[in-house]
Amino acid sequence: QVQLVESGGGLVQAGGSLRLSCAASGSIFSVNTMGWYRQPPGKERELVASIHTGGISNFADSVKGRFTISRDNAKNTAFLQMNSLRPVDTAVYYCALDNLGRRYWGQGTQVTVSS
């Protein structure tokens, strides 16, 4: 079994910053991809950023230059640093792990950006 535990969401004013963490545990292959998705109210879930074990990362155009993603491979933990937050970034943020052909999801953490 694989479990993902997220932390770091909350309420922040526009222009502020938040840092999300995701810790994965269980049967995790040494090569994998961890990422963050978000689901705004009434909309579909979308990719925010992802990072491979080797360090290659990918970002949605809407967050490029504002968000960074990093990971600690030894601890199977990923981090999403979100700067210059905007009200449109308000969403439930989900951590995801692509491991041996299967995607696992965290429980989600709410991020609310007030104007």
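Just so you know, these numbers come straight off a predicted model, no measurement behind them.

J.: Now, about the overall build of the protein chain: what can you tell me, with residues and values included?
T.: When helices and strands are tallied, the protein chain shows zero helices and 11 strands. For the protein chain, the N- to C-terminal ordering of α and β elements is β-β-β-β-β-β-β-β-β-β-β. Taking 2.2 N^0.38 as the reference for a compact globule, 115 residues should give roughly 13 Å; the C-alpha atoms of the protein chain span a radius of gyration of 13 Å, in line with that estimate. Over its C-alpha atoms, taken along the principal directions, the protein chain stretches across nearly 40 × 25 × 20 Å. Evaluated residue by residue, the protein chain yields a buried proportion of 43% over its 115 residues. Long-range pairs, those at least 24 residues apart, make up 53% of the contacts in the protein chain with a sequence separation of at least 6. For the protein chain, the accessible surface area stands at approximately 6,000 Å², while carbon and sulfur atoms represent 49% of it. Here the protein chain contributes 11 positive and 7 negative side-chain charges, whose respective centroids are spaced 3 Å apart.

J.: Explain the sheet that holds strand β3 (residues 18-26) to me, and be specific about the residues and the numbers.
T.: In spatial order, the strands read β1-β3-β8-β7; together these four strands make up an open sheet with antiparallel pairing. Whereas interior strands pair on both sides, the edge strands pair on one side only; in this sheet they are β1 (2-7) and β7 (67-72). For this sheet, the mean angle separating the axes of adjacent strands, direction not counted, is 15°.

J.: Give a detailed account of unusual backbone geometry, specifying residues and quantitative values.
T.: Positive phi, normally seen in glycine, also occurs at S84, with a value near 50°. Mapping S84 onto the fold places it in the loop between β8 (77-82) and β9 (91-99). Of the residues examined, S84 reaches a relative accessible area of 41% and is grouped as partly exposed. Located in the positive-phi region is L100, a residue other than glycine, with phi close to 55°. Of note, L100 is situated in the loop between β9 and β10 (102-105). L100 gets classed as exposed once you look at its relative accessible area, which sits at 63%.

What counts and what doesn't
- Residues numbered from 1 in each chain as written.
- Predicted model: local features only at pLDDT ≥ 70, side-chain atom pairs only at ≥ 80, totals over all residues.
- Heavy atoms only, no water.
- Helix = DSSP H or I, 4+ residues; strand = E, 2+ residues; numbered from the N terminus.
- Rg over C-alpha atoms; globule rule 2.2 N^0.38 Å.
- Buried < 20%, exposed > 50% of the residue type's maximum accessible area, 1.4 Å probe, protein only.
- Contact = heavy atoms within 4.5 Å.
- Areas by Shrake-Rupley, 256 points an atom, 1.4 Å probe, with all protein chains shown as cover.
- Lys, Arg positive; Asp, Glu negative; His and termini not counted.
- Charge placed at Lys NZ, Arg CZ, Asp CG, Glu CD.
- Pairing = 2+ DSSP bridges.
- Axes fitted to C-alpha atoms, helices over the stretch in contact; angles between N-to-C directions.

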